[in-house]
Amino acid sequence: MKSLRILDRRAGFSFASIVVLLAMVLPAAFPAFASAYTVLTARSIAMSNSAALATPVNYKVSFTPSIAIASGGGFIVDFCQESPVLGQTCTTPAGFTAAAAVNGTVSTAGTLTASVGRLKFVGSAIIPLSAVSYEFTGVTNPNAVGTFYARIYTYTSANIAGNTGPTVLGTAQDAGGIALSATNVIAITATVQETMTFCTTVAIPTANCANSAAVSLVLGSGVPVVLGTTVQTGTGYMSISTNANSGALVNMTNSNNCGGLRRVAAGAAACDIAPTNTSTALTGGEGKFGLTIGASTIIGGSGGSGTLTALAPYNTAAQYGMTYAGVSTGVSSTYGDTIANTASGPVSNAYAQLTFAADASNVTPAGVYSANMNLIATGTF
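Residues numbered from 1 in each chain as written. Predicted model: local features only at pLDDT ≥ 70, side-chain atom pairs only at ≥ 80, totals over all residues. Heavy atoms only, no water.

**Student:** In this structure, what is going on with the environment of T253? I would like to understand it.
**Tutor:** Its place among the elements puts T253 in strand β13 (residues 248–254). Given a relative accessible area of 12%, T253 falls into the buried group. Considered as a pair, T253 and T334 are 81 residues apart in the sequence and their alpha carbons are 7.7 Å apart. Apart from residues lying up to four places away in sequence, T253 is in contact with V331, S333, T334, Y335, G336, N372, M373, N374 and I376. (Helix = DSSP H or I, 4+ residues; strand = E, 2+ residues; numbered from the N terminus. Buried < 20%, exposed > 50% of the residue type's maximum accessible area, 1.4 Å probe, protein only. Contact = heavy atoms within 4.5 Å.)

**Student:** Sorry, what's going on with the pattern of salt bridges here?
**Tutor:** Pairing is possible between side chains that carry opposite charge, provided their charged atoms lie close to one another. Counted by the stated rule, this structure contains 2 salt bridges. We note a salt bridge from R263 to D272, for which the minimum N-O separation is 2.4 Å. The class for R263 is partly exposed, based on a relative accessible area of 24%. Using a relative accessible area of 26% as the deciding quantity, one classes D272 as partly exposed. (Salt bridge = Lys/Arg side-chain N within 4 Å of Asp/Glu carboxyl O.)

**Student:** Honestly, the sheet that holds strand β3 (residues 57–64) in this entry has me stumped. Any pointers?
**Tutor:** Within a beta sheet, neighbouring strands are joined by backbone hydrogen bonds and run either parallel or antiparallel to one another. Spatially, the 4 strands line up as an open sheet ordered β2-β3-β8-β5, and their pairing is antiparallel. With one partner strand each, in any of the chains shown, β2 (41–47) and β5 (102–103) form the two edges of the open sheet. Sheet topology places β3 next to strand β8 (residues 132–139); 6 bridges connect them, and they run antiparallel. Paired with K60 across the bridge in β8 is E135. (Pairing = 2+ DSSP bridges.)

**Student:** Please explain a nonpolar patch on the surface as it appears in this structure.
**Tutor:** The grouping of V202, V215 and L217 at the surface amounts to a nonpolar patch, some 210 Å² of accessible area in total. Among the structural elements, V202 can be located in the loop between β11 (196–201) and β12 (232–242). When its relative accessible area of 48% is taken as the criterion, V202 is described as partly exposed. (Patch = residues over 30% accessible without salt bridge, like charges linked within 9 Å, V, L, I, M, F, W, Y side chains within 5 Å. Areas by Shrake-Rupley, 256 points an atom, 1.4 Å probe, with all protein chains shown as cover.)

**Student:** How should I be thinking about the nonpolar core in this particular structure?
**Tutor:** Nonpolar side chains tend to gather and get buried jointly when the protein is soluble and globular. Ranked by size, the top nonpolar core spans 28 residues in total, and within it I45, Y59, V77 and F79 carry the most contacts. Broken down by secondary-structure element, the contributors of at least two residues to this core are β3, β4 (74–80), β7 (118–123), β8, β9 (146–155) and β10 (174–182). Counting 27 residues, the second-largest nonpolar core is a separate cluster that includes L219, L291, L375 and A377. (Core = buried A, V, L, I, M, F, W, Y, C linked by side-chain atoms within 4.5 Å.)

Here it is, written out as structure tokens:
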């Protein structure tokens, strides 16, 4: 008898445990059994920009319905702060609005009704049983970084009006929840330093002015130098590389305030070999000094690009210019005369030949003549 009483107590304890277990399971299981819809598969919402408060953003809604939706049916998307659980409380995330959204799916006709926290799309064609996607543009993301949710429901034409809000769903065909996230933007800043490499060379330049050298040109022949009535020339080169957005200017100054070649023994104002001023075809006997600039060329093997363009009066072949109209103008002014530019913008390893020329007239005074020509490149960044 004692043994039987102990068994009775164990049986009673076991029964009580079973009752408690059922009480815990049934409430959780009940909504699934009560629901008339099918879980929507392959559902997703792609965002063109996930940054908090970004606008306008494209939202691409994709899913695979289990039942075809005839013309007049459609789907509803609710955006919620709390959870993706269907039928539960749904508050539109702070800052989020779909009120300005429009149908961006040109190939899919239909009517979109957009509000702050909801997209309602009624189609004029049957949605197939395969995967479908709809794009809506003009959405504004939540104003805070973090997770928010969407709930999607599909309906027949007869039942779609039964959904009057996130907690009054009516009779949906398919439904499911989605988690989304608003994020911080990854801000990337890169700085490219302003650069310019400019040089003069005696020989054809090599890449990046590697053979830069002082240029000393002798016009004429003999010791001391004899400048005859025939035209005498001397050549050098200029080369430039720059990433200046608006290109660069090349100016030239003449150390002589008279713009031409000055006799070493004469006063500073005397230029017995005068500047040509305008573009002039020297033939000998003019007693003039000028410059002509050859065509722009890219240094071979440098991978360079762009153009170094000669400007008037220095850009005409076989003619020479040296602008001067007084001590404050042209090559004798403070900043000199602009002889070339890279008007197309950035340029790399472009060069041009510089040919200086002079001749003497019958009345050009005897003597040694000189000038220091300074080339200055200025970039506009």
